[in-house]
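Listed below are the residues making up each chain.
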Amino acid sequence: MKRQAIVALTASALVTVSMVVAAPTSSADLVTHCVGTGGAVTVPGDLLVPAGESCTLDGTTVTGNVRVSAGSNLIVSGGTFQRDVQVALDGYLDVTDTTVTGQIMVAAGGFGAFLRGSETGGITLAPQGGTTVQGFLFVDDTTINGNVTSGVGEFSLTGAQITGNLSTDGAYYTDLVDSFLDGTLSVRNNATGSVVCGSAVQGAATFGTNQGGIQLGPNGNLDSCGSGGFFGRDVTISGTTGRTVVDDNIINGRLVLEANDPVAEVAGNNRIRGGIVGDHDEPGTARPAGTGRDRATDRAGERRAGAVQAAADAGRARL
Amino acid sequence: MLATVLGAALVVALLVAVPSSAVVAQVLTWTANDSTTRYASAPATAVAGPTTIVFENSAATGNTTGMPHTLTFDTSTPGYNHDVALNILANPFDANGGRHEAEVTLTPGRYRYFCAIPGHSTMVGEFTVGPGGADTTPPEVSAVVSGERDGSGNYLGSATVTVSATDAGSGVATVEYNVDGGPWTAYTAPVVVRQLGAHMVHYRATDVAGNTAPEEMVSFTVVEPGPDVCPNSDIRPTVVIGAENTGVTNVDTGNGCTINDLIDEDAEYADHAAFVRHVDAVIEALVTAGVLTRRDKGVIVRAAARSDIGY
């Protein structure tokens with residue numbers, strides 16, 4: 001197969017990179033392999049980080065798709081990726097001050113993605129499938145022009161602006177802090193609950209059959225949240241196992257509470273324009289669903305005590 | 001000096017390469033038992049040339065039910081050698097008591113074999129035959145000592161010796177070791193030495209052609225496990241990575257090491273991703289042990305990602 005040299009990519013290569021250029025694909029696109037570090041150059045065509053390798057880019061533009069192969073790392077700062085970014089099994093994507101015009105897609109078993117001060121299209125984390133790795137998506141101060149969807153992992157967005165919908169199903173947790181979400185919010189089957197703090201959610205917000213509790217606003221036990229949020233439509237919380245706290249929020253629609261155990265605690269400082277539908281209590285008075293009134297237990301204390309006991313039982317950590 | 005060799009959890013890194021010679025007549029042995037899904041034992045490699053095939057399906061190999069099996073070489077599946085037509089039927093009650101032999105000549109390549117008894121279709125396997133030629137080179141053998149160590153290099157509580165042997169010729173036949181001059185013992189698993197004091201572990205290996213590598217030795221000292229694996233701990237009250245205070249309590253993780261010790265932000269990392277992955281790994285272990293919550297982990301790993309460590 002015909003191979004082309006990297007010098008064909010750009011003459012002003014500030015690259016200190018060992019970028020290996022592979023043959024054109026069947027569609028004649030150029031694929032540049034990146035191992036090492038790269039500077040402010042333009043890579044025409046696709047960029048590939050080979051399996052198990054690391055690529056660190058600073059100020060690099062890639063006109064095609066970017067692929068982070070299995071077990072590899074891509075660290076980029078000040079970059080411009082004009083198409084999609086795909087992250088494979090155990091791949092890690094670390095993006096700072098970078099524009100991704102296309103989508104970011106993390107495959108099943110991806111190690112994770114961290115975005116800071118960046119702008120991107122939609123983000124998708126594939127469900128875990130048969131893999132053993134549950135990756136993460138951590139977003140700081142980043143604009144996402146599209147939907148964010150995850151079927152896996154640790155999911156936390158702070159200072160995010162999302163033009164589409166945010167949906168997770170089967171994640172460890174979904175936390176949205178100091179963020180703007182233009183579309184709907186759907187959090188289902190998360191293993192350790194969800195926190196929405198200081199954020200504005202324009203569309204309907206739905207929390208279904210989550211474990212570990214739901215915390216909208218401060219004074220919950222999941223996060224040291226400083227303020228409540230704004231919800232433009234209905235907020236529905238159902239089938240939660242664990243403490244549900246709704247505190248210091250403005251809800252333009254209804255607050256619908258169904259089959260939460262214990263029943264949701266709704267503070268008097270919320271402004272809920274559509275009214276509350278379903279079983280609820282004042283904060284600190286929540287009772288197990290379907291039983292008499294009991295003072296809500298301090299689940300944070302329980303969790304800490306349980307963790308300490310488990311650590312003691314486990315003995316020396318095998319690290 | 002007496003040594004105590006305890007607990008031998010088995011994971012031997014015996015890297016047996018494709019044999020390349022046959023200077024001695026070789027005998028390949030298959031055994032079967034009551035299982036209808038797999039042979040009890042079978043060779044993985046061989047060398048080209050005249051070979052004695054032994055197939056034993058007897059009470060001695062674990063057949064307690066009289067179950068018949070065959071050792072049949074595949075002569076039709078593409079990708080394998082088809083030059084040996086072998087089909088041995090054996091059961092514990094046959095005239096040979098279940099033990100049969102056949103003389104064949106193997107050629108370089110792969111052979112596939114199976115049991116032709118109906119219902120035994122998963123009793124299949126293959127072995128590789130290397131080219132013939134004289135093998136006069138002994139195996140390469142090495143050993144690695146591992147375990148928690150103190151600042152003087154002594155092993156805390158125990159040391160584990162892992163022996164590896166490779167032979168590019170006829171393949172490794174045996175690996176042996178002894179501890180502190182004791183009897184030579186077949187090496188089947190990493191050797192754990194717990195007795196306090198100085199120790200020497202000798203080891204050697206022999207290949208199929210009979211070449212024996214010179215005996216080698218590793219020495220080490222086992223001392224009492226200290227109560228504090230991290231004697232100069234980072235005891236800041238919270239977990240700090242770079243300039244970021246995560247707010248997560250910097251607890252002792254159970255062996256004298258705090259979370260900050262385990263994160264070890266001042267160590268050398270190949271790149272930033274290596275540091276993030278390191279933090280993820282050590283913190284995931286603490287989540288598994290119940291020391292931290294998964295949200296704590298998120299806060300810490302995120303701080304690692306934000307940091308400039310590894311750049």
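Conventions used here
Residues numbered from 1 in each chain as written. Chains lettered and ligands numbered in written order. Predicted model: local features only at pLDDT ≥ 70, side-chain atom pairs only at ≥ 80, totals over all residues. Helix = DSSP H or I, 4+ residues; strand = E, 2+ residues; numbered from the N terminus. Buried ≥ 20, exposed ≤ 12 C-beta atoms within 10 Å, placed from the backbone. Contact = placed C-beta atoms within 7 Å. pLDDT = per-residue confidence, 0-100. Nonpolar A, V, L, I, M, F, W, Y, C, P; charged D, E, K, R; others polar. Pairing = 2+ DSSP bridges. Core = buried A, V, L, I, M, F, W, Y, C linked by C-beta atoms within 7 Å. Expected span 1.5 Å × (residues − 1). Axes fitted to C-alpha atoms, helices over the stretch in contact; angles between N-to-C directions.

(A) Summary view of the overall build of chain A. Looking only at helices and strands, chain A features 1 helix and 36 strands. Put simply, chain A has 319 residues, and 45% of those count as buried. Taking the contacts inside chain A whose residues are at least 6 apart along the sequence as the reference set, 23% of them involve residues at least 24 apart.

(B) Region of the structure containing the overall build of chain B. Per the secondary structure count, chain B includes 3 helices and 20 strands. Residue pairs at least 24 apart in sequence account for 67% of intrachain contacts in chain B once pairs closer than 6 positions are excluded.

(C) Local environment of the confidence of the model for chain A. Mean pLDDT over chain A works out to 83, with 80% of the residues at or above the 70 mark. Low pLDDT, under 50, characterises residues 290–319 of chain A; the stretch is placed with 43 contacts to residues that sit more than four places away or in other chains.

(D) Examining the interface of chain A and chain B more closely. Chain A puts 29 residues into the contact, and the matching count from chain B is 23 residues. Elements with a contribution of two residues or more to the side of chain A that touches chain B: β5 (54–58), β8 (73–77), β11 (92–96), β14 (112–116), β16 (136–140), β18 (154–158) and α1 (299–314) of chain A. Per-class residue counts for the side of chain A that touches chain B are 15 nonpolar, 7 polar and 7 charged.

(E) Looking closely at the pairing of strand β2 (residues 31–38) of chain A. Residues and elements named next belong to chain A. Alignment of β2 against strand β4 (residues 46–49), held across 3 bridges, turns out to be parallel. Among the inter-strand pairings, His33 is bridged to a residue of β4, identified as Leu48. By the bridge criterion, 3 bridges tie β2 to β5 in an arrangement that is parallel. Note that in β5 the partner of Thr37 across the bridge is Thr56.

(F) Region of the structure containing the environment of Ser156(A). In this fold, Ser156(A) is placed in strand β18. In sequence terms Ser156(A) and Val177(A) are 21 residues apart; their C-alpha atoms lie 7.9 Å from each other.

(G) Summary view of the nonpolar core. Ranked by size, the top nonpolar core spans 99 residues in total, and within it Leu93(A), Val279(B) and Ala304(B) carry the most contacts. When residues of this core are assigned to their parent elements, the largest contribution, 7 residues, is made by helix α2 (residues 272–288) of chain B. Each residue touching Val279(B), except ones within four places of it in the same chain, is listed here: Ile263(B), Ile300(B), Val301(B) and Ala304(B). Among the nonpolar cores identified, the runner-up in size contains 19 residues, and Tyr155(B), Val179(B), Tyr203(B) and Val222(B) belong to it.

(H) Just helix α3 (residues 294–306) of chain B, in detail. All names here are of chain B. The terminal C-alpha atoms of α3, which comprises 13 residues, lie 18 Å apart, in line with the 18 Å expected from a rise of 1.5 Å per residue. Among the 13 residues that make up α3, 11 are buried, leaving the element largely enclosed by the rest of the structure. Within α3 the residues assigned to the buried category are Arg295, Asp296, Lys297, Gly298, Val299, Ile300, Val301, Arg302, Ala303, Ala304 and Ala305.

(I) Seen up close, unusual backbone geometry. Residue and element names in this part refer to chain A. Look at the link from Asp261 to Pro262: it is a cis peptide, with omega at 0°. Its identity as a non-glycine residue notwithstanding, Asn219 has a phi of 70°, on the positive side. By the element assignment, Asn219 lies in the loop between β27 (214–216) and β28 (230–231). Phi angles above zero are rare outside glycine, and Asp248 is one such case at about 65°. Along the chain, the position of Asp248 falls in the loop between β30 (244–246) and β31 (250–251). Residue Asp248 is classed as partly exposed on the basis of its C-beta count, with 19 C-beta atoms lying within 10 Å.

(J) Structural context of the pairing of strand β20 (residues 244–249) of chain B. Residues and elements named next belong to chain B. The pairing of strand β19 (residues 238–241) with β20 spans 3 bridges and is classified as antiparallel. Counted as the bridge partner of Thr238 is Thr249 from β20. Taken together, β19 and the strand that follows it, β20, pair antiparallel across an intervening segment of 2 residues, in which Gly242 is found at a positive phi of about 60°.

(K) Inspection of the environment of Leu89(B) at higher detail. Residue and element names in this part refer to chain B. With respect to the helices, strands and loops of the structure, Leu89 is situated in strand β7 (residues 87–90). Spatially, the C-alpha atoms of Leu89 and Thr72 are 8.4 Å apart, while their sequence positions differ by 17 residues. Excluding anything up to four places from it in sequence, Leu89 contacts Pro68 and Thr70.

(L) Structural context of the sheet that holds strand β3 (residues 26–31) of chain B. All names here are of chain B. Read across the sheet, 3 strands follow the order β3-β5-β8 without closing on themselves; strand pairing throughout is mixed. Strands with a single pairing partner mark the edges of an open sheet, and in this sheet they are β3 and β8 (99–106). Ignoring strand direction, the axes of neighbouring strands in this sheet form an average angle of 25°.

(M) Summary view of the sheet that holds strand β6 (residues 69–73) of chain B. All names here are of chain B. Overall, mixed pairing links the 5 strands, which are arranged β4-β10-β9-β6-β7 in an open sheet. The sheet is open, and its two edges are formed by β4 (45–47) and β7, each paired on a single side. Strand-to-strand twist across the sheet, computed as the mean angle between neighbouring axes with direction ignored, equals 25°. With 3 bridges connecting them, β4 and strand β10 (residues 124–130) associate as parallel partners. Its bridge partner lying in β10, Thr45 is registered against Thr128.

(N) Broad picture of α2(B). Taking 1.5 Å per residue as the helical rise, α2(B) with its 17 residues ought to reach 24 Å, and the 24 Å between its terminal C-alpha atoms agrees with that figure. Those residues of α2(B) that are buried lie in contact with β5, β8 and β11 of chain A together with α1 (259–263) and α3 of chain B.

(O) Quick look at the confidence of the model for chain B. All names here are of chain B. On average, residues of chain B carry a pLDDT of 85, and 90% of them reach 70 or more. For chain B, strand β1 (residues 5–6) is the element with the lowest average pLDDT, namely 28, and β19 is the one with the highest, namely 96. Quick note on the complex model: pTM equals 0.58, ipTM equals 0.77.

(P) Spatial organisation of the environment of Met67(B). All names here are of chain B. With respect to the helices, strands and loops of the structure, Met67 is situated in the loop between β5 (49–56) and β6. The partly exposed category is assigned to Met67, around which 16 C-beta atoms lie within 10 Å. Between the C-alpha atoms of Met67 and Phe93, which are 26 residues apart in sequence, the distance is 9.4 Å. Once residues lying within four places of it in the same chain are set aside, the contact partners of Met67 are Asp34 and Asn91.

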